[in-house]
Amino acid sequence: MFSDIPGSPTPANLADIFIEANTKLDAIDCGQCGEALKFIMEPNPEEYAEFFDVSFLVYSIVSHIIDLNWIWLPARPRWSYLKDDCILLIKLRSRMHEAPLQHLDSIFNRFLHGFVPDPVLTTTTMNSRLTSTFIVPDITIKIDVSSTSYWIHKPLVIMECAFAQDTDSVLWKIKHEIASQPEVLMVILVVIDEHQPYRSPEWHAARSYKQKNHCVVIAGHTWCHLGSVRFHVWVRGNKQINIDDDDELHACGTLLPNQDMDVVDTMIENGMVMMRDSIATVCQEAALGSDVTTIQDTVVAFSPDWDRLLMQLNFGVAETAYDRYHSWYNSSP
């Protein structure tokens, strides 16, 4: 499999991979599988790709091959399949993309740790499909209860980050996620934009290096220049979340270029209160007569360190620039 392949798959060894995966594909399906796998395996400055008219068979085979070769992949992809639309979405992880997700994840883990009793379990997953779908959010925080008399699996929060990705496509994905999990309490979207879409330069000797705040320039070419970081937060009201509504259940704030995050802080804290109350309700239902006062009295405080996140994003700029330069250099004649 990929473990024996020095570099990206060629048409010849892709055929061997499909045979080893026990698959039978026609020419069109084989081509689609090959394109998806090449995107994952090749040195590539792109972090996100969409593949259209993809059959469920192709999605299943790509998933199977990724699972078999997970340890050997140069990037740990997240991939989703929109079955009704026959669209395969593949997102490669990068430091830039993961920084805000990890920052929020650490805050939620500290918040949830310690006040959720057995048999209730809250988990955070970064590579797990939503129930009854083939969609993988960037992060899902969910509550699980499994006992002889009670079972529940409920998502509390869905988080997505869009970097080097069209915002419309991630909003479209979020709508699918909410439609499949209408009870979700909060959705957080982080949109990271560059000053302009990245384009690799023509081949020339590239030796000089310069990094300014949120910008890396090598040989006069800008390899990464962070333009803005925006946060969107939606919380559930009496009905399921509707991201098309710009009302009191939606907050938008800017981390960069000018930090203005107060309304986002408030909305996330409101969502955390809803998480706490939902967990208390589930605990009471799972163990009738149990005292959930301790949970209900848990103080909710959202305390992010946005300056630290900005520092992490600046590191991400340097790493993204290096990855793009490295990919360009290795692919140039």
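Up top is the structure.
Model, not experiment: these values are computed from the prediction.

Enquirer: Can you walk me through the nonpolar core in this structure?
Expert: A general tendency of soluble globular proteins is for nonpolar side chains to be buried together. Formed by 59 residues in total, the largest nonpolar core has its most connected members in Phe108, Phe231, Ile268 and Met275. For this core, the element with the most residues is helix H6 (residues 262–286), which contributes 10 residues. Not counting the four nearest positions on each side in its chain, isoleucine 268 is found in contact with Leu104, Phe108, Met186, Ile188, Val233 and Phe302.

Enquirer: Looking at this structure, I do not really get the packing of helix H4 (residues 95–112) against H6. What am I missing?
Expert: Each pair of packed helices can be described by the angle between their axes along with the distance between the axes. As a packed pair, H4 and H6 sit with axes 12 Å apart at the nearest point and diverge in direction by 40 degrees. Taken as axis vectors, H4 and H6 run oblique relative to one another. Crossing hand, H4 versus H6: right-handed. Each of Leu104, Phe108, Phe111 and Leu112 in H4 lies in contact with H6, whose residues at this interface are Ile268, Met272, Met275, Arg276 and Ile279.

Enquirer: Got a minute to help me understand the pattern of salt bridges in this structure?
Expert: One side chain can pair with another of opposite charge once the charged atoms of both are near each other. According to the stated counting rule, one finds 12 salt bridges in the structure shown. The salt bridge involving lysine 91 is made with aspartate 138; its shortest N-O contact spans 3.1 Å. Here lysine 91, found in strand S3 (residues 87–92), pairs with aspartate 138, found in the loop between strand S4 (120–125) and strand S5 (139–146); they are 47 residues apart in sequence, far enough to count as distant. Residue classification places aspartate 138 among the buried positions, given a relative accessible area of 1%. With its nearest N and O atoms 3.1 Å apart, the salt bridge here joins aspartate 277 to arginine 276. Residue classification places aspartate 277 among the partly exposed residues on the basis of a relative accessible area of 34%. Classification of arginine 276 as buried rests on a relative accessible area of 14%. Put simply, Arg78, Lys91, Glu98, Asp138, Glu160, Lys173 and Glu177 are held in one network by salt bridges that share partners.

Enquirer: Could you clarify how one ought to interpret the sheet that holds S3 in this entry?
Expert: Note: strands within a sheet are paired through backbone hydrogen bonds, in either parallel or antiparallel orientation. Ordered by their spatial adjacency, three strands build an open sheet running S1-S3-S2, and the pairing between neighbours is antiparallel. Two strands lie at the open edges of the sheet, namely strand S1 (48–51) and strand S2 (77–82), each paired on one side alone. Geometrically, the sheet is characterised by an average inter-axis angle of 15 degrees between neighbouring strands, direction not taken into account. When S2 meets S3, the two strands line up antiparallel, connected through six bridges. Each bridged residue has a counterpart across the sheet, and for tryptophan 79 the counterpart in S3 is isoleucine 90.

Enquirer: Honestly, unusual backbone geometry in this entry has me stumped. Any pointers?
Expert: Most peptide bonds take the trans form, and the phi angle of most residues other than glycine is negative. Between leucine 256 and proline 257 the backbone carries a cis peptide bond, its omega angle lying at 10 degrees. Mapping proline 257 onto the fold places it in the loop between strand S11 (250–256) and H6. The phi angle at cysteine 86 is positive, at roughly 55 degrees, despite the residue not being glycine. Along the polypeptide, cysteine 86 turns up in the loop between S2 and S3.

Enquirer: I'm lost on the pairing of strand S9 (residues 215–218) in this one. Help?
Expert: Within a regular strand, the side chains alternate between the two sheet faces. A two-sided burial pattern is seen for S9, the buried positions comprising Cys215 and Val217 on one face and Val216 and Ile218 on the other. Of the pairings in the sheet, the one linking S9 to strand S10 (residues 221–235) comprises four bridges and is antiparallel in character. Note on S10: the bridge partner recorded for valine 217 is threonine 222.

Enquirer: I'm lost on the packing of aromatic side chains in this one. Help?
Expert: Each aromatic ring pair is characterised by the separation of its centres together with the angle its planes make. Scanning all chains against the criterion turns up 10 aromatic pairs. When the ring of tyrosine 59 is compared with that of tyrosine 81, the centres are 4.8 Å apart and the planes differ by 10 degrees; the resulting orientation is stacked. Remark: tyrosine 81 occurs in strand S2 and tyrosine 59 occurs in helix H3 (residues 56–68); sequence separation between them is 22 residues. The exposure class of tyrosine 59 is buried, given its relative accessible area of 5%. Directly above the ring of phenylalanine 56 sits lysine 83, whose terminal nitrogen or CZ lies 4.8 Å from the centroid.

Enquirer: What should I look at first to understand the packing of H4 against helix H8 (residues 306–331) in this one?
Expert: Taken N-terminus to C-terminus, the directions of H4 and H8 make an angle of 160 degrees; their axes are 8 Å apart at the nearest point. The angle between H4 and H8 falls in the class roughly antiparallel. At the point where H4 passes H8, the crossing takes the right-handed sense. Across the interface between the two elements, Arg95, Met96, Ala99, Pro100, His103 and Leu104 of H4 pack against Trp306, Leu309, Gln312, Leu313, Phe315, Gly316, Val317, Glu319 and Thr320 of H8.

Enquirer: Would you mind showing me how to read the pairing of strand S6 (residues 151–163) here?
Expert: The buried fraction of S6 amounts to 11 of the 13 residues, a majority that puts the element mostly inside the structure. Sheet topology note: the S6/strand S7 (residues 186–194) ladder contains seven bridges and is parallel. Each bridged residue has a counterpart across the sheet, and for isoleucine 158 the counterpart in S7 is valine 187.

What counts and what doesn't
- Residues numbered from 1 in each chain as written.
- Predicted model: local features only at pLDDT ≥ 70, side-chain atom pairs only at ≥ 80, totals over all residues.
- Heavy atoms only, no water.
- Core = buried A, V, L, I, M, F, W, Y, C linked by side-chain atoms within 4.5 Å.
- Buried < 20%, exposed > 50% of the residue type's maximum accessible area, 1.4 Å probe, protein only.
- Helix = DSSP H or I, 4+ residues; strand = E, 2+ residues; numbered from the N terminus.
- Contact = heavy atoms within 4.5 Å.
- Axes fitted to C-alpha atoms, helices over the stretch in contact; angles between N-to-C directions.
- Parallel < 35°, antiparallel > 145°, perpendicular 65-115°, else oblique.
- Left-handed = near helix turned anticlockwise from the far one by under 90°.
- Salt bridge = Lys/Arg side-chain N within 4 Å of Asp/Glu carboxyl O.
- Pairing = 2+ DSSP bridges.
- Phe/Tyr/Trp six-rings, centres within 6.5 Å; stacked < 30°, edge-to-face > 60°.
- Lys NZ or Arg CZ within 6 Å of the ring centre and 35° of its normal.

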